[in-house]
Amino acid sequence: MAENPSFERHPRFDDDLVGLDPRDPEAQAFAEHLDRMQRCDPAFTIEASLRGVADFAEGSNRAGGLRWWVAALVALLIIVGVLISAWDIVGDLLAWLSR
């Protein structure tokens, strides 16, 4: 069997996932899951916040059924909260400017 030159072996298979097939898509997904779970980056930077939003979006895309609907509801509530806050700020700003 010829080796695939474009295949990059995940280092997790040498340390944590010994014995699993590194070409198995489920094993690769589990290795990526372990990487996300053990990430120790600071959470107070803009990059970390955006990465957290990206992880939430990727996780909600992988979810199905009720979990997908709950993730969509959470995202919708966040958007509604931002819109209401913006509307309130713009209203207060216009009231202050009209004085």
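Think of each chain on its own: its residues are numbered from 1, step by step along the sequence as written. The model is predicted, so local features are restricted to residues of pLDDT at least 70 and side-chain atom pairs to those at 80 or more, both for listing and for counting; the totals for chains, interfaces and linings are taken over all residues. Excluded from the side-chain calculation are hydrogens and water; included are all heavy atoms of the structure.

Observations regarding the overall build of the protein
1) Next: Strands are runs of DSSP state E lasting at least two residues, helices are runs of H or I lasting at least four, and both sets are numbered from the N terminus onward. Secondary structure summary: the protein contains four helices and zero strands in total.
2) Next: Should any heavy atoms of two residues lie within 4.5 Å, those residues are counted as being in contact. Taking all contacts inside the protein whose residues are at least 6 apart in sequence as the whole, residues at least 24 apart take part in 8%.
3) Next: In short, Shrake-Rupley with a 1.4 Å probe defines the accessible areas, and a residue's cover is counted only from the protein chains shown. Accessible surface, the protein as shown: approximately 8500 Å² in total, 65% of it carbon and sulfur.

Overview of the confidence of the model for the protein
1) Next: Across the protein, the average pLDDT comes to 79, with 80% of residues at 70 or higher.
2) Next: As a per-residue quantity, pLDDT reports the predictor's confidence and falls between 0 and 100. Of all helices and strands in the protein, the one with the weakest mean pLDDT is helix 1 (residues 12-15) (67), whereas helix 4 (residues 66-97) scores best (92).

Some words on the packing of aromatic side chains
For any pair of aromatic rings, the description rests on two quantities: the centre-to-centre distance and the angle between the ring planes.
1) Next: Any two of the Phe, Tyr and Trp rings considered here, Trp counted by its six-membered ring, make a pair once their centres fall within 6.5 Å; the pair's planes then place it as stacked at under 30 degrees, edge-to-face at over 60, or tilted in between. One pass over the structure, following the stated rule, counts one aromatic pair.
2) Next: With centroids separated by 4.9 Å and ring planes inclined at 85°, the aromatic side chains of Trp68 and Trp69 adopt a geometry described as edge-to-face.

Details of a nonpolar patch on the surface
1) Next: Every patch collects residues that have over 30% relative accessible area and no salt bridge, joining them within 9 Å if they carry like charges and within 5 Å if they are nonpolar side chains (Val, Leu, Ile, Met, Phe, Trp, Tyr). For salt bridges, the criterion is a side-chain nitrogen of Lys or Arg within 4 Å of an Asp or Glu carboxyl oxygen. On the surface, Phe56, Leu66, Trp68, Trp69, Val70, Val74, Ile78 and Val82 cluster together to form a nonpolar patch covering roughly 830 Å² of accessible area.
2) Next: Looking at the nonpolar patch, the element that brings in the most residues is helix 4, giving seven residues.

A word on helix 2 (residues 25-37)
1) Next: Taking 1.5 Å of rise per residue, 13 residues should cover 18 Å, and helix 2 covers 18 Å from first to last C-alpha, within 8% of that figure.
2) Next: The buried label applies to any residue whose accessible area, calculated with a 1.4 Å probe on protein chains only, is under 20% of its type's maximum; exposed applies above 50%, and partly exposed to all values in between. All of the buried residues along helix 2 are Ala27, Ala31 and Leu34. All buried residues of helix 2 fall inside an arc of 60° around its axis, so they share one side. Those residues of helix 2 that are exposed and aimed more than 90 degrees away from the buried face are Pro25 and Glu26. The length a helix should cover is 1.5 Å for every residue beyond the first. The arc in question is the one spanned by the directions pointing from the helix axis to the C-beta atoms.

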